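What follows is the residue order along each chain.
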Amino acid sequence: MLLVFGSPDDRLTANVHRRLVDQGVSTIWLDEPEVFAETQLSVEINRTHRSGFLQCGSETIMLHAIDGVFFRLPRVWWPSSEFDFQDQLFVYHETAASWYSFLAGLRCPQVNRFGLGWWVHDVSYADQLRRSISTALGLGTPDSSSIPQLPIRNYPTPVRKTQNSRHVYVIGDYVVPRTIGDQDLAVRLNAQKETLAHWQQETGITFCRLDFEDTGVMVIHYVEPMPMLEDEPFDTVDKIESQLVQRLS
Amino acid sequence: MILVIGSSVDKVYPTLLSTLREAGYPFSTIDEDQPERYAVHRESAYGRTTYRIEGTGTKNPVGAMFVRHAIVRTLDQTKISRMNLLQFQLNQMLLSTDCPVINKPTNAYSNYSKPYQIQLLAEANFDVPRSLVTNVPAEARRFYEECERQVIFKGVSNMLTLAQVLRPEHFRRFEFLPHCPTLFQEYVAGVDYRVHILHDQTFVTRLVSKDEDYRRGALIDGESIVTESATLPAEILEKCVAFTKQLGLVVSGIDFKESPGGRLVALECNPFPQFTFYERRSGQHITRAIVDYLGQHQVHESNVFA
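Residues numbered from 1 in each chain as written. Chains lettered and ligands numbered in written order. Predicted model: local features only at pLDDT ≥ 70, side-chain atom pairs only at ≥ 80, totals over all residues.

*Asks:* Can you walk me through helix H8 (residues 286-296) of chain B in this structure?
*Replies:* Count 3.6 residues to each turn of an α-helix, and residues three or four apart come out pointing the same way. All buried positions along H8(B) are accounted for by B:Ile286, B:Thr287, B:Ile290, B:Val291 and B:Leu294. With its buried residues spanning 135° around the axis, H8(B) presents them on a single face. (Buried ≥ 20, exposed ≤ 12 C-beta atoms within 10 Å, placed from the backbone. Helix = DSSP H or I, 4+ residues; strand = E, 2+ residues; numbered from the N terminus. Arc of directions from axis to C-beta.)

Below, the structure is given as structure tokens:
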């Protein structure tokens, strides 16, 4: 059973789900309120093993029967206003902490397995990703001047094209150049597959968009672990979806 | 110079400052409860980023830092926004600082999820209590019976909750469980140990309380709990040191319960332990050791000035 956690409005989630179903993969697709407010969850941990289940409507999925997770929730859910504010805050964190532990203990492929920085809405999470991949790829510590100095929450972002910007999508060990002009960048990253794999293992981010700034010196400007593809070229989106499905199925 | 980032309302902060004063290490402070006093300036040149913090009264290079962020104690949105902005800017600075930091907030998230931490502790070969995180009432009842009705319950996240022994009178509250998952654990009755780890050093404190959560006894009921310096097997302490380093922390506080039969289970690891609570009762010199660590591990070239 493959779990698809994503919004019904998200085209990538819908397309990945459709492709998985077309391939005969058993899936359950849950949107954010269904995950956080309606799904029954039970996970038991002891010194040597972990067991449990999810109950989604009438369907029970044992932990060991979960073959993969496609996770793309926008994190806009908030507990019911029938609780007072203090209780809403408590329920919110208890729910997030429970789901984090549930996902962190799964050994199946997950796209993406977000780190705790993302779960606690640490606004420097994107900067942490940028610094770690920049160091891993030997691009040196990037200049911080381009990083916003205001705490802006990391929503999914589309590509922001500028004169010097270059973009690639990374899905596991597959690098998709955004356009033909980004092909050489993809070749360069393909030569560092082992490094990328190690970074993905460390961060849990196996699908992302890397935004580079090329002003003679190549610098990673941003790592988007939940890229929006709505305005991307058809061929690029097709390749990304196909790789995601291959990785999950 | 040592920079202390914290909250003047917090109990650790004033003790740390007075110990720094006694020890004679130069230091400056950022009191996050007064965020309007400070401004963080970032400058980049030749691929290196430098931070200058206004409002501390000094402009010296920072050789080491102690961080224990203030928590929000108000619903005043203006104050919350100011504190959020300051903490965001300080956290960005901490990502690129070259000096030792006790502790970097980015390495301190694991206790956001207690069951996740239990799993990490089990993977590090600690004995851990059998634990269940669930929002299903029938599962809580099953666990209660399987653990021979010896179960405690507490919060899943790092929001402050005190462990309580689960009793039949609590069952009526299970109707709320579908709204909020809860952590249930087999109840290991016995004495508590808090092990504070400072790099390679350990400080073991033994606590004996009538309450299943000694903090309730000490803080709420005013109970006089027995708190004393103690020892644990070297193998356990080595694992504590290794676990702390594995998380990228310099300081941590790991909690254990020991049953009368000698079973020692690890409960959780606190990345921002309130060591003053323990040393005040046990007479151990944890703050002084932390201050000396900071003083002796300062870097000479810094990218932070405060």
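*Asks:* How do you make sense of the domain arrangement of chain B when you look at a structure like this?
*Replies:* Note: interface size is frequently given as the accessible area lost on complex formation between the parts. Partitioning chain B into structural domains gives domain 1 (2-102), domain 2 (110-126 + 189-283) and domain 3 (131-186). The centre of domain 1 of chain B, based on its C-alpha atoms, is set 39 Å off from the matching centre of domain 3 of chain B. (Domains from an automatic or database assignment.)

*Asks:* I'm lost on the sheet that holds strand S5 (residues 64-67) of chain B in this one. Help?
*Replies:* Strand pairs in the sheet, formed through backbone hydrogen bonds, run parallel or antiparallel to each other. All names here are of chain B. Taken together, 4 strands build an open sheet; the order of strands is S2-S1-S5-S6 and the sheet is parallel. With one partner strand each, in any of the chains shown, strand S2 (27-31) and strand S6 (101-102) form the two edges of the open sheet. Bridge analysis of strand S1 (residues 2-6) against S2 gives 5 bridges, and the strand direction is parallel. Paired with Leu 3 across the two strands is Ser 28, which belongs to S2. Across the sheet, helix H1 (residues 12-23) touches S1, S2 and S5, and the angle it forms with S1 is around 165°. (Pairing = 2+ DSSP bridges. Contact = placed C-beta atoms within 7 Å. Axes fitted to C-alpha atoms, helices over the stretch in contact; angles between N-to-C directions.)

*Asks:* Looking at this structure, I do not really get the sheet that holds strand S8 (residues 151-154) of chain B. What am I missing?
*Replies:* Ordered in space as S5(A)-S4(A)-S3(A)-S7(B)-S10(B)-S8(B)-S9(B), the 7 strands form an open sheet in which the pairing is antiparallel. Of all strands in the sheet, those with a lone pairing partner are strand S5 (59-62) of chain A together with strand S9 (164-165) of chain B, marking the two edges. Examined bridge by bridge, strand S4 (residues 50-56) of chain A and S5(A) share 4 bridges and lie antiparallel to one another. Bridge pairing links A:Cys56 to A:Glu59 in S5(A). With respect to the sheet, helix H3 (residues 85-104) of chain A is in contact with strand S3 (40-45) of chain A together with strand S7 (131-134) of chain B, its orientation differing from that of S3(A) by roughly 60°.

*Asks:* Mind showing me how you'd approach the domain arrangement of chain A here?
*Replies:* Residues and elements named next belong to chain A. Once the domains are mapped, chain A shows domain 1 (2-108) and domain 2 (121-230). For domain 1 versus domain 2, the distance between C-alpha centres works out to 27 Å. Contacts between the two partners involve 4 residues from domain 1, matched on the other side by 4 residues from domain 2.

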